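Listed here are the chains, written in short residue letters.
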Amino acid sequence: MTDSVITVFWWVSVVITVFFAVAVVVVFVCLWITYFRVERTTLEQKRIDEGYAADDEEAWE
Amino acid sequence: MAAEITMIVTLVLIWLSLLVSLTTLGGAIHFWLRRSQKLVHITPLPSYPTVTIVVPAHNEEIVIAQTVRAIMNLHYPADRVEILLFADNCNDHTAREMRSVAELPQYRDRNVRLIERTGSGGKAGVLNDALAIAHGDYLGVYDADAMPERNALYFLVREAIANPFKYMAVFGRNKTRNARQNFLTRCINQEIVVTQRIQHCAIWHMFKIGRIPGTNFIINTDFAKSIGGWSNGALTEDTDISFKIMQSGKLIALAYNSEAFQQEPERLRDYYFQRLRWAKGNYQVVIHNARLLFRPSNWRVKLEVLYYSATFFWFDAAIILSNIIFLTNICVLIARLFDHNLSIPFTFGDGNSSIMQILLLNWMLMIILYVLQIFFAMSTQFGQATTEQIWIGLASYFTYSQLFILVSIHAVASVFLDAVLHRNGSVWVKTKRFDN
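Just so you know, these numbers come straight off a predicted model, no measurement behind them. (Residues numbered from 1 in each chain as written. Chains lettered and ligands numbered in written order. Predicted model: local features only at pLDDT ≥ 70, side-chain atom pairs only at ≥ 80, totals over all residues. Heavy atoms only, no water.)

**So, the packing of aromatic side chains**
Within this structure, the stated rule accounts for 19 aromatic pairs over all chains. Both rings, one in F31 of chain B and one in Y256 of chain B, keep their centres 5.3 Å apart while their planes meet at 80°; by these two values the pair is edge-to-face. Within this pair, whereas F31 of chain B is found in helix α1 (residues 2–35), its partner Y256 of chain B is found in strand β8 (residues 251–262), the two being separated by 225 residues in sequence. Assigned by exposure class, F31 of chain B and Y256 of chain B land together as buried. Measuring from ring centre to ring centre gives 5.0 Å for Y397 of chain B and F398 of chain B, while their planes differ by 75°; the resulting arrangement is edge-to-face. Taken together, the ring pairs in this structure connect F28, W32, Y35 and F36 of chain A into an aromatic cluster. Across the ring face of W204 of chain B, the terminal group of K208 of chain B is positioned such that the distance to the ring centre comes to 4.8 Å. (Phe/Tyr/Trp six-rings, centres within 6.5 Å; stacked < 30°, edge-to-face > 60°. Helix = DSSP H or I, 4+ residues; strand = E, 2+ residues; numbered from the N terminus. Buried < 20%, exposed > 50% of the residue type's maximum accessible area, 1.4 Å probe, protein only. Lys NZ or Arg CZ within 6 Å of the ring centre and 35° of its normal.)

Structure below.
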């Protein structure tokens, strides 16, 4: 195999590695945003559900 | 030269598969960023279509009582629900357990039918029998080990009536109820969460493609009849009917709030044979539908065939090739301790060290992305994103995930031999249940 093919492959590897590195950073940031939002929303949801529980049961009867 | 081409082809195949995975992950991130702040309100529906719930059970005496009780307690008007409990070819006390719950005083006025079935066709056969006698507008399916949460059916119906002419089926998600039993169930839990919180959400969000998961779903009864119901004896009847629905141009909608708890295998042997059945079933469906890639057919079907091919064919082929390269080099390196004249077969010649350095970094980033994907899926579920999950994710990369290679090789060989030897490859191996 010629050296030029190896060189092209090396550059492709570098580009993909950089792409993965960027993806890692983006996913990491989105993960923490989602984590905090889900925890906050779920706690709020639980408070609402507890408040509605009694009325809700009657509505289904 | 052949060695270098093999290495390059393998890596390109792996990168392409990862591109598919990253696209899916991107779709899921967008989906959850938009929904993670939404509160869920249980408000009365504009109408309550009738639903026939089917529970196919084959020797399920250990888990069936809990499931029937959970179905009886579903938050949906009782007079709009018909329940068909199928004890399918049972030689244990499944029917007795079903009856014991159905006859409890609080459930006496419920519309419940217990059918002790002796026919063939497996689960698909049961569903077809149910389809023939169901009175509901929708047919809902819960496996014997699937305990729906109280609002599971409500969310399914709410989604179905949002677009009743397009959404012919709606599916929810299944959670592992024995997730903390051992390392295997912890890994399965992660896999299930990733599948349902990332793959299912992303492909619905991006392409409006849904996959019936086998349990916790409803399907329009008339529509199911019009497409001929389920394929009797199919190993993965859920994948099979999903393709049929998409081919008809209708949609399988996702109701991500509808949740059911299901039991996963706790022993390696049970896990292996369950996944072998799934892999074989999926191979059969993909091979059967591969011709649709080259014929006029629904674009969603083409995309799904490509997606399944990516997972079950080219990614597998790449990983197997990659492992062969790795193991061959390791063997030669060991052999070189005894014979210094041996040369390492898979290298890039003079440029080897610089390429290997960059590929090592590439591999490390792949592992980090794998763990991040798991942790992202966990973060969409309250209380699941713990540091323990990171370590389990990391350990599963080198252990649990590698099992998939064995399962795939076994499944491909089995499908191939079934075809060559004309043997019946659609034999179900029942997943063992546990009393927990």
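**A few points about the packing of helix α11 (residues 352–379) of chain B against helix α12 (residues 387–398) of chain B**
Two quantities define a packed helix pair, namely the angle between the helix axes and the distance between the axes. All names here are of chain B. Running from amino to carboxyl end, α11 crosses α12 at an angle of 130°, the nearest separation of the two axes being 9 Å. The angle between α11 and α12 falls in the class oblique. For the pair α11 and α12, the sense of crossing is right-handed. When α11 is examined against α12, the residues W363, I367, Y370, V371, I374, F375 and M378 are found in contact with a partner set consisting of Q389, I390, G393, L394, S396, Y397 and F398. In terms of residue class, the contact of α11 with α12 is made up of eleven nonpolar, three polar and no charged. (Axes fitted to C-alpha atoms, helices over the stretch in contact; angles between N-to-C directions. Parallel < 35°, antiparallel > 145°, perpendicular 65-115°, else oblique. Left-handed = near helix turned anticlockwise from the far one by under 90°. Contact = heavy atoms within 4.5 Å. Nonpolar A, V, L, I, M, F, W, Y, C, P; charged D, E, K, R; others polar.)

**Observations regarding helix α13 (residues 400–421) of chain B**
Residue and element names in this part refer to chain B. Taking 1.5 Å of rise per residue, the 22 residues of α13 would be expected to cover 32 Å, and the 32 Å separating its terminal C-alpha atoms lies within 8% of that figure. Among all positions in α13, only Y400, L403, I405, V407, S408, A411, S414, V415 and D418 are buried. Where the residues of α13 are buried, they touch α6 (183–207), α9 (268–289), α10 (299–335) and α12. Once α13 finishes, H422 follows within two positions and takes phi at roughly 55°, a positive value. (Expected span 1.5 Å × (residues − 1).)

**As for the interface of chain A and chain B**
Contacts between chain A and chain B engage 35 residues on the former and 45 residues on the latter. Across the interface of chain A and chain B, roughly 3,800 Å² is buried in total on both sides, 76% from carbon and sulfur atoms. Here chain A is connected to chain B by zero salt bridges. In this structure, the connection of chain A to chain B is made through five residue pairs in polar contact (both at pLDDT 80 or more). Here the side of chain A that touches chain B is composed, by residue class, of 22 nonpolar, six polar and seven charged. (Buried area = accessible area lost by both parts, 1.4 Å probe. Salt bridge = Lys/Arg side-chain N within 4 Å of Asp/Glu carboxyl O. Polar contact = N/O pair within 3.5 Å; in protein donor to acceptor, adjacent residues only side chain to side chain.)

**Side note on the environment of I161 of chain B**
Residues and elements named next belong to chain B. When you line up the elements, I161 lands in the loop between α5 (152–160) and β6 (167–176). Along the primary structure I161 and R277 are separated by 116 residues, whereas in three dimensions their C-alpha atoms are 34 Å apart. Those residues within four positions of I161 in sequence are excluded, and the remaining contacts are L45, P46, S47 and P49.

**Topic: the environment of S408 of chain B**
All names here are of chain B. Locating S408 in the fold gives a position in helix α13. Between the alpha carbons of S408 and W278 there is a distance of 10.0 Å; along the sequence they are 130 residues apart. Setting aside residues up to four positions removed in sequence, S408 forms contacts with Y283 and D316. Polar side-chain contacts of S408 include one of 2.8 Å to the backbone oxygen of F404.

**As for the pairing of strand β3 (residues 111–117) of chain B**
Residues and elements named next belong to chain B. Bridge count for strand β2 (residues 81–88) against β3 is seven bridges, and the pairing is parallel. The residue of β3 that forms the bridge with L84 is R113. This β-α-β element, β2 to helix α3 (residues 94–102) to β3, shows right-handed connectivity. (Pairing = 2+ DSSP bridges. Right-handed = clockwise from strand over helix to strand, strands pointing away.)

**A look at the side chain of N174 of chain B**
Relative to the assigned elements, N174 of chain B resides in strand β6. Using a relative accessible area of 2% as the deciding quantity, one classes N174 of chain B as buried.

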